[in-house]
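Structural overview
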Amino acid sequence: MNSGLLKNLSIFRRVHIYKVALNISSHLSLTCACLKTHIKMTMNKLGNLVMDKWIEGDGTGSTLYNAINGEAIASTSSDGLDISAMYDYARGEGGHSLRKMTFQERGLMLKALALHLNSKKADFYKVSWATGATKIDSWIDIEGGIGNLFTNASLRRRLPNTPFAVDGDFIPLSKEGTFGGHHLLVPKEGVAIHINAFNFPVWGMLEKIAVNLLAGVPAIVKPATVTSYLTEAVVREIHASGILPKGALQLVCGSARNILDYVDERDVVTFTGSADTGRLLKANERIINHSVPFNLEADSLNSAILGPDASPGTPEFDLFIKEVRKEITVKCGQKCTAVRRIMVPKGHIDAVQEALASQLAQTVVGDPQAEGVRMGALVGQSQRDDVRAQIALLREEAELVFGSPDSVETTGADSEKGAFMSPMLLRVDNPASVTKVHEVEAFGPVSTIMPYDSIEDAVALSKMGKGSLCCSITTHDKKAAAEFVRNAASMHGRILVLDRECAKESTGHGSPLPLLVHGGPGRAGGGEEMGGLRGVKHYLQRTAIQGHPSMLTAITEQYQPGGAQPESEPHVFRKHFEELEIGDTVTTAKHTVTEADIANFANVSGDNFYAHVDATSLEGTLFEQKVAHGYFVLSKAAGLFVDPRKGPVLLNYGIEECRFTKPVYPGATIGVRLTVKEKISQEKRDAEDVAKGIVKYLVDVYDETGETVAIATILTMVKKLDQS
Ligand code: NAP
């Protein structure tokens, strides 16, 4: 047994079980002696986080092995867990607390969690090694996961400071303006069940819980058994931190084949894993009978295309070789986004094969802790057996041109005890008339090279994967890129166009990004688990609401056009953040626009566009006489609505959705209605910071006929009364 890893796993368990046990002890009055026995007994068995208590499953459970040396490192069982009670606890305790929080509060909670886990990441790296991961592999998993928490935390800035949100715009539904509609987004009242794959034990969990927690929904996570010890280590840290409310996160390590037996219409299920398991679970009776949203992210036969212009000697050729080599070797090829099919212009196939083989030959395989090792092991022996079986299938159609499924030279490790495998390159010369290379996923360091004749041909080959998570084309030819992307996009979740201009900062073919869609059509599962606010909306119920605009204002806490505009006393600029009510309005004095106003504004701004300065130039235009600058109208509006004395308004920092809707000619008399549209509280950066919030105002500028001539939303920063 590897004493180093056992020590790392044990340190985790000792610290966290001790903390948990201390809590338990206050209830159960356990003696110190009892605590020590408890710690010792649980040392090698993973815990399940059930209703905020760490519980081992019944029986001996499954044994988990170190991928590098094959030694047993832990066991896990989910037998005997009361899964039904876990659902109830999540929906009750967890959901209740999360739904009371606003998006801002949930975002800050994610940020605190990200900072906390970041401070502990060195411990996770130590445990991650046993999964066969190199430092870079662990970085993707651990820091990629933490980065995802940070990104989702920042999304709070695009959401209101309420537990709910609105979607889209107010929709007028009547002639008189007394009836309209909107869409409200409220957190679902169930639980997010995440069934994850083995390849990203940290990222796989964090990228998913970040989204449901921001939405206000608790989670039960079921990591894949084989690498669950790393997920467990992270969850212990999350739980011990106390950052999440009780019931917001529970963990089931072990096989838990009954995990979906309690889902109902309140819940959301996400699955990441093989297409076969995904299909099986999606067909679960409860999923169908209760119309449970099931987000499926499955294996896919991702493709990398070398552009027709990227011949040997071009920067794009070298970039392509580097990118494909990386995709084959990173995480030992165990990435759902890894390149499985390499499509190259027919005339370059030998050059690509030679360049890739020479790069792959330099990949040192072995114990990631040994000097020079670039590729670690698959996560276990049984995964290696799976990959070998899939390669055998691929070889029925393709020729193995580099590497071997049966032998590999390793550094610092025994190639038989660990789950090592050499990188492998296959080649097929008639890709359009074969199927296996487009359908069989060998989830390891394996990829197949194939020729194409034209862009149209490359598009067709890429689509033979029947739906992928991602695809890339390496080209500096904008026409070729546009033709490929527009025609191939319908079958791929994400497409990277790589060239010399973006290469330095490109995040690469295989990196899903939290703000971009991750998921893909068809074989890839038809899911969309990330994508910024799109991902969050999976956990929110969108409900159409209809009524009088004043009623919709009250429900949405955002001013809706046509809603009541009570005159504010005093002026809104004299009120602190807390004192402002949505709908509070200032109706200003009026101003009659003169020719001098227009001439002066042209002088000050330097905007001498003919329609403002030359009355003789207007024939054939939309204007009848010299027209006031739209920016003058808006500037004059500010002059009318601003209360200039020093007060709670700290600054004006922007304008959104500005429109000039009717020409303003000399002689027109304009006035403004300034209405509080939305309030967003801001957190203090530090103790010295001024407590404040953002107030959005609707600026409606109208003329003597009552018609709107300009409309905009302005953003102001307003001090709070409470500076604590
Ligand atoms: P898998 O065998 O399909 O297992 C995935 C998850 O499903 C595991 O947690 C597994 O638990 C669980 N599971 C299996 N049968 C179940 C059942 N009857 N009831 C409830 N849960 C069940 O996939 P894997 O071998 O872990 O992962 C590798 C595959 O995932 C590859 O094909 C890869 O392409 C794909 N993948 C896709 C994505 C993506 O975003 N599209 C990401 C990563 C991986 P146990 O471990 O306990 O069996």
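Residues numbered from 1 in each chain as written. Predicted model: local features only at pLDDT ≥ 70, side-chain atom pairs only at ≥ 80, totals over all residues. Heavy atoms only, no water.

Some details on the site of the ligand
The ligand sits among 26 residues. The nearest are Asn196, Thr225, Ser274, Thr277 and Glu441. Residue Ala224 places a main-chain N or O atom 3.5 Å away from an oxygen atom belonging to the ligand. At 3.2 Å from an oxygen atom of the ligand is found a side-chain nitrogen or oxygen belonging to Asp299. For the ligand, the protein covers 87% of the area, taking 910 Å² as the surface of the free molecule. Of all the secondary structure elements, the ones that give two or more residues to the shell around the ligand are β10 (268-273), α9 (275-282) and β11 (294-298). Taken together, domain 1 (2-297) and domain 2 (302-466 + 471-511) each give at least three residues to the shell around the ligand, which thus spans both. (Near = heavy atom within 4 Å. Polar contact = N/O pair within 3.5 Å; in protein donor to acceptor, adjacent residues only side chain to side chain. Areas by Shrake-Rupley, 256 points an atom, 1.4 Å probe, with all protein chains shown as cover. Helix = DSSP H or I, 4+ residues; strand = E, 2+ residues; numbered from the N terminus. Domains from an automatic or database assignment.)

Some words on the sheet that holds strand β15 (residues 399-402)
Taken in spatial order, the seven strands line up as β15-β17-β18-β13-β12-β19-β20 in an open sheet, and their pairing is mixed. Both outer strands of the open sheet, β15 and β20 (492-498), are each paired with one neighbouring strand and no more. In this sheet, adjacent strand axes meet at a mean angle of 25° when their direction is disregarded. Set on the sheet, helix α12 (residues 349-361) makes contact with β12 (303-306), β13 (341-345), β15, β17 (424-427) and β18 (446-452); between it and β17 the angle comes to about 165°. Where helix α16 (residues 478-488) meets the sheet, its contacts fall on β12, β19 (468-474) and β20, and the angle it forms with β20 comes to roughly 175°. (Pairing = 2+ DSSP bridges. Axes fitted to C-alpha atoms, helices over the stretch in contact; angles between N-to-C directions. Contact = heavy atoms within 4.5 Å.)

A look at the domain arrangement of the chain
A common way to report how large an interface is uses the accessible area buried once the components associate. When its domains are assigned, the chain resolves into domain 1 (2-297), domain 2 (302-466 + 471-511) and domain 3 (565-719). In this structure, domain 2 and domain 3 have C-alpha centres spaced 56 Å apart.

Here we look at helix α21 (residues 630-641)
In this model α21 runs 17 Å from its N-terminal to its C-terminal C-alpha over twelve residues, within 8% of the 16 Å that 1.5 Å per residue would give. Within α21, burial applies to Gly630, Phe632, Val633, Leu634, Ala637, Leu640 and Phe641. Buried residues along α21 sit in contact with β23 (591-592), α19 (595-605), β24 (649-660), β25 (669-681), β26 (692-702) and β27 (708-719). (Expected span 1.5 Å × (residues − 1). Buried < 20%, exposed > 50% of the residue type's maximum accessible area, 1.4 Å probe, protein only.)

Some remarks on the pattern of salt bridges
Considering all chains together, one arrives at 34 salt bridges under this definition. Note that Arg91 is salt-bridged to Asp264, the shortest N-O span being 3.6 Å. Highlighted residues: Arg91 in helix α3 (residues 83-100) and Asp264 in the loop between β9 (249-251) and β10, separated in sequence by 173 residues. The same class applies to Arg91 and to Asp264, which are both buried. Residues Asp264 and Arg266 are paired through a salt bridge, measuring 2.6 Å at the closest nitrogen-oxygen approach. Connected through salt bridges with shared partners, the residues Asp88, Arg91, Asp264, Arg266 and Asp267 form a single ionic network. (Salt bridge = Lys/Arg side-chain N within 4 Å of Asp/Glu carboxyl O.)

Considerations on the pairing of β20
Looking along a regular strand, one sees side chains alternate from face to face of the sheet. The sheet contact formed by β19 and β20 spans six bridges and is parallel. When the bridges of β20 are listed, Cys470 appears paired with Arg494. Handedness of the crossover joining β19 and β20 through α16 is recorded here as right-handed. (Right-handed = clockwise from strand over helix to strand, strands pointing away.)

Details of the packing of helix α11 (residues 315-329) against α12
It is the contact of α11 with α12, at a shortest axis distance of 10 Å, that shows an interaxial angle of 50°. Here α11 is positioned oblique relative to α12, judged by the angle of their axes. Seen from above, α11 lies across α12 with right-handed handedness. Residues Phe317, Phe320, Ile321, Val324, Arg325, Ile328 and Thr329 of α11 form the contact with α12, whose participating residues are Ala351, Val352, Ala355, Leu356, Gln359 and Leu360. (Parallel < 35°, antiparallel > 145°, perpendicular 65-115°, else oblique. Left-handed = near helix turned anticlockwise from the far one by under 90°.)

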